[in-house]
Each structure stands twice: as C-alpha cells, then as structure tokens.
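# Per-entry structural report
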Amino acid sequence: MEPTNDQDPNYFHQVVDCQWACPAHTDVPGYIRLIAQGRFDDAYLLNRASNVFPGILGRVCDRPCEPACRRTRVDGNPVAICRLKRVASDLKGDIAEFLPHAPSVTNGKRVALIGAGPASLAVANDLLPLGYDVTIFEKYDRAGGLMRANIPEFRLPGEVLDAETQVIIDMGAEVRYNSPVESMRELLAQDFDAIFVGVGAPKGKELELPGRHDDAGGHIHIGIEWLKSVAFGHIESIGERVLIIGVGNTAMDCCRTSRRLGGRDVKVMARRPREYFKASPWELDDAEEEDIEITVNHSPKRFVIEDGRLVGMEFDIVTWDEGARHASVLETVVIECDDVILAIGQENAFEWVERDLGIEFGEWETPVLDETTLQSTLPQVFFGGDAAFGPKNIIWAVSHAHQAAISIDRLCRGEDVNERPPLTMTLASQKMGMTEWSYHNEYNPSPRQQMNHVELTQRFAALDLEVELGFDAQQTAREVQRCLNCDVQTDFTASLCIECDACIDICPVRCLTITTNGEEDDLRGRLNAPAVNPDQAIYVSSPLPQTGRVMVKDENVCVHCGLCAQRCPTAAWDMAKFELDIPYAGNFDILGKSRAAHVLTRS
Amino acid sequence: MSSPTKPLIPLAVLPKNELGLTVRDYEGAMSTLCAGCGHDSVTAAITQMYFELSMPPHMIAKLSGIGCSSKTPTYFVRGAHGFNSAHGRMATIATGANAANRELSYIGISGDGDSLSIGIGHLAHLMRRNVNMVYVLENNGVYGLTKGQFSASADIGSRSKRGVPNIVAPIDPIMLGLSMGATFLARSFSGDKEQLIPLLKAAVAHKGLALVDVISPCVTFNDHEGSTKSYRFMREHEVKEIETDFVPWQQEISMPHHKDDAREVIMHDGSAVRFRSVPPGYDPRDRQKVEEYIRERHERGEIATGLLYVNESSTDVHEMNNTPETALSKVPFATLCPGSAALAKLQEDFR
C-alpha cells in the first residue's frame, strides 16, 4: 500500500467517527471534554459554531453520530452524545456576548429566505453577521418550521425552541409571519440578490385505499397535518382507540401525542417486521414505554366506515420472504378504532414554483441542485433542508444551510460559487510529561448512562411536559469519561522509529503491527489482530529506517489511550489533538481558521 | 507521576487458547522499565509463547536475580509462582526449586551482569548439572540500572554512550555453555519475535537447561552509534542462517521439507524442532562444529542467531541423581525424612 497521507484533513477526520458521521461535522470529543471540565458555555458555543441549535438538537437530533461512535465497537453502546449536548445547553450561563452579532451597517445585499425552519434560520445565522439584509417569509405566526409544527412539546419544550430561533432573528432578520410565498415569480420580481428555499417537505403522504374519501366524520388524519394542528392548538382531543399507520419517527410522535390527548388503546400498525422500521430505536423504546402496541406484518387494506362513522380498519396479516421483499397474505382482520392517523411519509410541495422560471425539477418533484453548492438551475436560487433532496433531518438542514450560505456569500461577492473554501486542520501535540497528557487518556469502563424519564403516572398530565429529565451531575460525570477522545490522534513519524516493538507490545487492543508492506487485503489479514472492519481505514507508514518494513495501524478499535506514544522511546508516536477547521460563509481568512477558533479560546 | 496501566478493553475478538484463556491472561504488572527497552519485547514474547502453548499459569515458576532484566518476571504471567532472589543467585534458587518440585515449568530471567559477572559461577554449575529450565539471558552489554557501565558481555571496541571504547574481552554465554556442557543453546534478538517465540517454545520443551541469549538493546545507555548491541547494529549484523520451526506434539507433522538439510530433533515431550535451513556442513548436535561456526561469524563481525546447539539425549539433574518421578515436595515427610534410626543405619553402611 502507498503510505497513508495523514496531511489530508479527511484522514484524521474519518478517525473521529462521530464528527465524520455528523452532517455538520460537530467537534463532538472537543465539546465533551469541555463538559467534563464544567465549561458548559464553551461547550455550547463550540456546538453552536457547527450545528447552530444545540439545545434543540440535544433533544431531538437524529444522532447519526451515535451509531458511528467508536465506543459501540468497544463495549457495544455508543457514548450518549446527544444527551451530553443537552447538558451543555441546559447548564450554560449567559452567553449573549459571545454570539455572533450583525454589523450596524448592512452590506447592501438583500437575501430572501423562504420558511423560518432550521435550514433558513441557519442560513440567516451565517449571513447576518456578514452584513446581509435578510428577509424571512414564514407561513405561520411563529418561527421554527417542522421543529414547531411536527415535534411535540413533550420532546422539545417551546422555550428551548423559542430561545434558539429568536436569538438568530434578533440578530436583525426581518421575519414576515403569516406570509406564505405563493408565487416564486412574484418573489423573483422583488429583486433579491439571492433566494434560499427552506420550506421543508410539508405534505404528508396519502394512503389511497377504499374508504379514504368516504365521509368518516373527520376521523382519518394525515400525521404531520395532525401534529401541526395539535401544536397550534387546533386539536385538543382524540378517540380512545387510535391506529397509527406507518412506523417512522412521525408515527412515534403521533402515537405518543395521541396518548396525551385521550388515546388509551393506541396501536402502531407496521407492514414489515421490526428490523425494517424507519423509526430510531430509542423512539420506539420511548413509545413502547408508554404502553403503545407496535403490531408488525399488518398491511392496511381498507377503511371500514359505517353510517358516516369510522369504525375500524381492515388489514391483511402477511408473512414475508427473506429480505422482506414479497409478502403473502395469511388472513384478513378488521381492527376497530375511533381514529386513524396516516404517518407513512412526507413529500415536497413546490406547486408555488412556476415551471417557466428556469428552476428545473427532477424526479419526485425535487429541484435539480448542485449537491455541494445547493444552487438550483437558476443561479440566484438555492435550496436546503428537506426542500433540497426530500425529507432528511434537522442536522442535515443545518449542514445544507452552511453550504448554501457560503454559496450565497460568494455569489453576492461576484465570486465563483463552485470554488469552495478549503477544509484545513490543526494537529497539536498533547504531551505534558513522561506519562502525562493534556487529555484524560485512561480507559473508563463505565456503562452507558440511562436517561431518567418522568414517571408514567404523571407523564400524560400535560401535553408540554418534557418526558426526558436530562442527565444529573453524576450521570454526566460518568458519561463524559466514556468518550474515547478519538480526536486526539496517534501521530506517527516513520523517520524516528527504531522498531523496538514497545508500542506493539503495550497496545491494549493489538491494533499495531510492524510488517512488510503488501496490498491492502493481504495486509489486513496478517496484522497482530486481523483488521476485520472494512469501513475503518488502516494506516500505513512510509518505510521504516532500519528494516524498510512499515508500521501499520488498524483504526477500528484504537481506544486512543496514548500508551503507544507513552512507551515510544523516540517520540515517533505522539498524541496530537486534531481540530478540523470548517470554513463558513465569509470567514475564511488567510489563516484558514474556522469560526470555532475565532469564537473560543480553548485549551 | 503516575505509572500507566494497560486497560482491559472488553473486545470480543481476542482469540482464546485451549484453556480458554486470552493472551491478556498471561500478562503481568505494567512494566516500569524505560520506554523502548528490549526487555519489554522479550516479556511480550514470553507472554505470547506461554499463551500459544496453553500452559496453565499455576504450572509456571518464574525466577530472577537483580537488575533491569530481573524485574521482568513481574511483567508476565501474573498467575505463576515467582521468586526474585539475590544478585546472581537465581541459578541456585532455581536448582533448589527444581530439586524440590520437578513438575513445574521453570523459567529464569537474568541479565548479562547478573549471569556473567556476579552470577557466572552459579550459571556454570547450573549448566553442568543440566537443570531442567529455560534460562533467558537478556543481554544488552551494559549495567543499565547503574547508568551504563560496560558489562562482561560488551565487545572490544564497543563504545559507551560517552564515546569511551571497551578494552576488556567479552564473555559469550553460548561459548561458555558449549564448554560447560549445556544441552540447548540459542541466541536471538528482542526485536525479532518471529524467531524468538518458536525458540522459547523449543526451550520449554527441552529436557535440561535451555539457555536463550537474547540481545536486548538498552535504549537508554546502549543504543547509540558505536554500540554493538543497539537496535541498528543488530539489524545490520545479525546472521539468521539457522532457521527452525517448533512443531507441538499434538500437531501432525506434515510440513514439506528438503531432504538434504531437513533435520528434526524430537523433544522430550514429543514435540519437534525442525531445522528449516542451516549453513552447509553445520550440525547443531556437534559441539566442535558449532563452536567453529560461531567463532568464524564473530571474527567477521557478525552475530549468529537461531538454535545454535541442541542435545536432546542428555540426562538432567534428576536423572543424574536418580530421584523419584514424583516431585519431592509431594513425597510424604516420613518417607522423605525417615528419622534418626534410618540415618544411623545409612551411616553404618558407609563404615
């Protein structure tokens, strides 16, 4: 194999599994260490630099970081990254003066953002400090988008949402509430320098089955519409027996909300077996804790309506072949109910974008976009969040927003949108003494801490009673030490190595080998412990000075304990802290330092 | 400054041996030797060797004297018996222990100072008596624990860290062994576990004294230019013409080999040492040939490694003394020490 190029920021970035998996590339180990030190303000600000909504995401993020977490490969359970983020948010003090501010004079460029959801707000967060004149068009009377309309308050309290959306608006965005954009043509005519579409995927999918359009007395609901009506106070009750069709995260919100509005016998009906569910495992657990029955292998067939009243729904009970591709029907049953909520997905709705404006749409009614710049085929129009590539999640919306903001900024400066600012990194040795490091390198065997919930008996008292109580001080103290500090990298200098084997002998997971070079497949098979995880890179050094062999490291289960560097007599191994300097709109100065570095003076 | 510990990471992938133990079960306390010390690599090789042999830890007795080398038994097989004796006296303690309980597998770890200076008399007699044990001599050419004076194994012309050359003739433990009647003599290098581990296994299988002289660089006082026991010097001057494989007795012997140079030594326990290659005319059972070969290599400035001499048909200390098959420690006291009447009778026989 060719020697690994560890000067490419993306090599070490990949080693930080959580940061790599996060669409916004949040510096997770960095903020967990700050929490460990009790520096909650700094932890919050470091989060905010990349993900903009730490308080919100600390509760309802889809957490792509957690399945990726190295700790999963070591003891089976990831670090509770999301919960720790919430700790930073809950315990932070007054951070107002450390937040970005808009200059007193605007730069004369006007940007329109459509929808006041996470995508648009994150764009505003990036553009306002640069002096842009930002106007947000919002269809409802409050900001937040899906975070307001679709996520129930028992998961995301209104005050958390208000605080983090308002702080951006207060930077100086003009928000036009109750102002849905009904024609892109009209908006284009208002001569904005750039337009960002962040309207989400607001249309709940229909289930066209017999009886759907019969008069059911208004007892068949579309999931996200229904959640929105609950959120805005238009619906305050539901029948005792509720069926939820679909088993994604929206279905989980629907069933748990039903329990709080009077539903006693709430069933989630799934067509396929449990391993094919779209809902996040923890959301399924939380729903089942609330006595919600999840029924598998029931394929909806028709709505049973008698005398203008919904009485139940008919299902085929099916059995699936391997891989759950084809189903065969075993029998047909009718399950009685008072209400049905359809939560089988959502889709984009761009009927307000005229098709002769130069904005092209592809299959599934999604706009044709450049995946990096988020630019549409009409140069001054950009899309982000669920509006861009169909339903994803909040953290993806934030990631799109950062990229779109860079694009908008470049466009307004008259620069090439396709030329992107470089991603850079800082590597700094953490050695403090013979056996001392500036990070807590000892492996801590604590198990993952369990979140405490409000007692079931009290939980349904109010719709806005937050279920998760957050980690207490002890849980936090334990959980932060479970983080393996993957950002403190094993940094190898081949020219210093004397091949004494000390690092290999000390490694507690046997991830190091000195051997003759070979092709990757061959090399992976003859390491001290075979490198069995093809998703994880193996590091190969340049030839070692004494024998010409190579140092090989399997990144898979390295626990970043630093013992290799501690036992290295020549400092060929060092533990160096990796910081990814992510470029954001407008702030790639000559040093290439990111906003995180500007905002924080970190140790 | 806290001493680091090697954490136990609960990975499921660690392989297990026939006893269901992992290599971590054959480890000991954390080494406090200098980072990069050759002795730590020898420790790792011993750990791996016992793991691969599936040796029950309680059947191992590890002994040592004084010196950096003699600290190392602490760092492997925490479940074994251990004795850290006075300087140079490991050989005597081992002889006594072996006399009392012949059922254990003995391993003594010593250094060039402990073995070739203060302890050389005891080592010589240990070899003469052919005590059934593995004797690992971690050889770095300096007294590391007293800050790097030349030891008795330092070569003439080898320079100290300050640049002063050694002018006193070295003692080669292998040559000493050949003249003292040792029955298993091997040399290896701490930086070459591929060679060292099979040699150690053969040493454990050997009946009688198995001396393994391991060149184990002192990274603090003897790893500089001008040293003849540095990592670099060994890599540039090591000659590996004698290559052996260790074949455990359970394993079917099916490896292909050349007729001409195929030599196989069946060990006492039924395992085998197969010589994969030897230099032309070399016979590892011929003392004179071995001596000539080592001398010749030495004069060329080269260090010959491998299993240099082996004699599996010799008698060990127990056979010489006609002791019972059972360990003396298990013989009932009354039998072992039959009383003054029996003594008087014995003495009468000699009148």
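As the structure is a prediction and not an experimental result, all values here were calculated from the model. (Residues numbered from 1 in each chain as written. Chains lettered and ligands numbered in written order. Predicted model: local features only at pLDDT ≥ 70, side-chain atom pairs only at ≥ 80, totals over all residues.)

### Comments concerning the overall build of chain B
- Broken down by element type, chain B carries 12 helices and 14 strands.
- Here the C-alpha atoms of chain B give a radius of gyration of 21 Å, agreeing with the 20 Å that 2.2 N^0.38 yields for 351 residues.
- With respect to the three principal axes, the spread of C-alpha positions in chain B is 70 × 50 × 45 Å.
- Across the 351 residues that make up chain B, the buried fraction comes to 47%. (Helix = DSSP H or I, 4+ residues; strand = E, 2+ residues; numbered from the N terminus. Rg over C-alpha atoms; globule rule 2.2 N^0.38 Å. Buried ≥ 20, exposed ≤ 12 C-beta atoms within 10 Å, placed from the backbone.)

### Section: the environment of threonine 377 of chain A
All names here are of chain A.
- Looking at the element boundaries, threonine 377 is found in the loop between β14 (346-347) and β15 (381-383).
- Distance from threonine 377 to proline 152, taken between C-alpha atoms, is 36 Å for residues 225 residues apart in sequence.
- Beyond its immediate chain neighbours, meaning those up to four positions away, threonine 377 contacts Gly358, Ile359, Glu360 and Val368. (Contact = placed C-beta atoms within 7 Å.)

### Structural notes on the sheet that holds strand β4 (residues 194-197) of chain A
Residues and elements named next belong to chain A.
- If you walk across this open sheet you meet the 5 strands as β3-β2-β1-β4-β15, and the pairing is parallel. Bordering the open sheet on either side are β3 (174-176) and β15, each of which pairs with just one other strand. Strand after strand, the sheet turns through a mean of 20° between neighbouring axes, direction not considered.
- Of the pairings in the sheet, the one linking strand β1 (residues 110-114) to strand β2 (residues 133-137) comprises 5 bridges and is parallel in character. Residue valine 111 lies in a different strand from β2, and its bridge partner there is valine 134. (Pairing = 2+ DSSP bridges. Axes fitted to C-alpha atoms, helices over the stretch in contact; angles between N-to-C directions.)

### What to know about the environment of valine 557 of chain A
- Assignment of secondary structure puts valine 557 of chain A in the loop between β20 (550-554) and α22 (563-566).
- Between the C-alpha atoms of valine 557 of chain A and glutamate 290 of chain A, which are 267 residues apart in sequence, the distance is 37 Å.
- Other than its neighbours up to four places away in sequence, valine 557 of chain A contacts Arg73, Val74, Val509 and Cys511 of chain A together with Leu11 of chain B.

### What about the sheet that holds strand β10 (residues 298-306) of chain A?
All names here are of chain A.
- What the 3 strands build is an open sheet, ordered β10-β11-β12; its pairing is antiparallel. Each having just a single partner strand, β10 and β12 (327-336) make up the two edges of the open sheet. Within the sheet, the average angular offset between the axes of one strand and its neighbour, ignoring direction, is 20°.
- With 8 bridges connecting them, β10 and strand β11 (residues 309-320) associate as antiparallel partners. Bridged to serine 299 within β11 is aspartate 316.

### Quick word on unusual backbone geometry
- Phi at histidine 560 of chain A takes a positive value of approximately 55°, unusual for a residue other than glycine.
- With respect to the secondary-structure elements, histidine 560 of chain A resides in the loop between β20 and α22.
- Even without being glycine, lysine 147 of chain B reaches a positive phi, approximately 80°.
- With respect to the helices and strands, lysine 147 of chain B occurs in the loop between β5 (142-143) and β6 (149-150).

### Some details on the domain arrangement of chain A
All names here are of chain A.
- When the domains of chain A are assigned, the result is domain 1 (9-97 + 444-482), domain 2 (100-202 + 348-412) and domain 3 (206-345).
- Taking only C-alpha atoms, the centre of domain 1 and the centre of domain 2 are 27 Å apart.
- Contacts between domain 1 and domain 2 engage 18 residues on the former and 22 residues on the latter.
- Ranked by residues supplied to the side of domain 1 that touches domain 2, first place goes to helix α5 (residues 54-60) with 5 residues.
- Grouping the constituent residues of the side of domain 1 that touches domain 2 by class yields 12 nonpolar, 2 polar and 4 charged. (Domains from an automatic or database assignment. Nonpolar A, V, L, I, M, F, W, Y, C, P; charged D, E, K, R; others polar.)

### Structural notes on the interface of chain A and chain B
- The partner chain B presents 21 residues to the 27 residues of chain A that form the contact.
- Of all the secondary-structure elements, those providing two or more residues to the side of chain A that touches chain B are α7 (70-75), α20 (502-506) and α22 of chain A.
- The element that contributes the greatest number of residues to the side of chain A that touches chain B is α20 of chain A, accounting for 3 residues.
- Along the lines of polarity and charge, the residues of the side of chain A that touches chain B split into 16 nonpolar, 5 polar and 6 charged.

### What about the nonpolar core?
- By size, the foremost hydrophobic cluster in this structure holds 259 residues, and its most contacted members are Leu127, Phe196 and Ile244 of chain A together with Val134, Leu200 and Val212 of chain B.
- For this core, the element with the most residues is helix α17 (residues 394-412) of chain A, which contributes 12 residues.
- Residue contacts for phenylalanine 196 of chain A: discarding those within four places in its chain leaves Val111, Leu113, Ile114, Ser120, Val123, Phe382, Gly384, Ala404 and Ile408 of chain A. (Core = buried A, V, L, I, M, F, W, Y, C linked by C-beta atoms within 7 Å.)

### Focus on helix α1 (residues 38-52) of chain B
- In this model α1 of chain B runs 21 Å from its N-terminal to its C-terminal C-alpha over 15 residues, within 8% of the 21 Å that 1.5 Å per residue would give.
- Two residues or fewer past α1 of chain B, serine 54 of chain B is found with a positive phi of approximately 55°. (Expected span 1.5 Å × (residues − 1).)

### Structural notes on the pairing of strand β13 (residues 339-342) of chain A
Residues and elements named next belong to chain A.
- Because side chains alternate across β13, one face comprises the buried residues Asp339 and Ile341, and the other comprises Val340 and Leu342, equally buried.
- In terms of strand pairing, strand β6 (residues 220-222) meets β13 through 3 bridges, oriented parallel. By the bridge assignment for β13, histidine 221 is matched with isoleucine 341.
- Bridge analysis of strand β7 (residues 241-245) against β13 gives 4 bridges, and the strand direction is parallel. Residue isoleucine 244 lies in a different strand from β13, and its bridge partner there is isoleucine 341.

### With respect to α17 of chain A
Residue and element names in this part refer to chain A.
- The end-to-end C-alpha distance of α17, which contains 19 residues, comes to 26 Å, matching closely the 27 Å that a straight helix rising 1.5 Å per residue would cover.
- Among the 19 residues of α17, 19 are classified as buried, and the element is accordingly described as predominantly covered.
- Within two residues after α17, glycine 414 carries a phi angle of roughly 80°, on the positive side.

### Observations regarding the confidence of the model for chain B
- Per-residue confidence for chain B gives a mean pLDDT of 92; residues scoring 70 or more make up 95%.
- Model confidence for the complex: the whole-complex pTM is 0.89, and ipTM, which rates the interface, is 0.89. (pLDDT = per-residue confidence, 0-100.)

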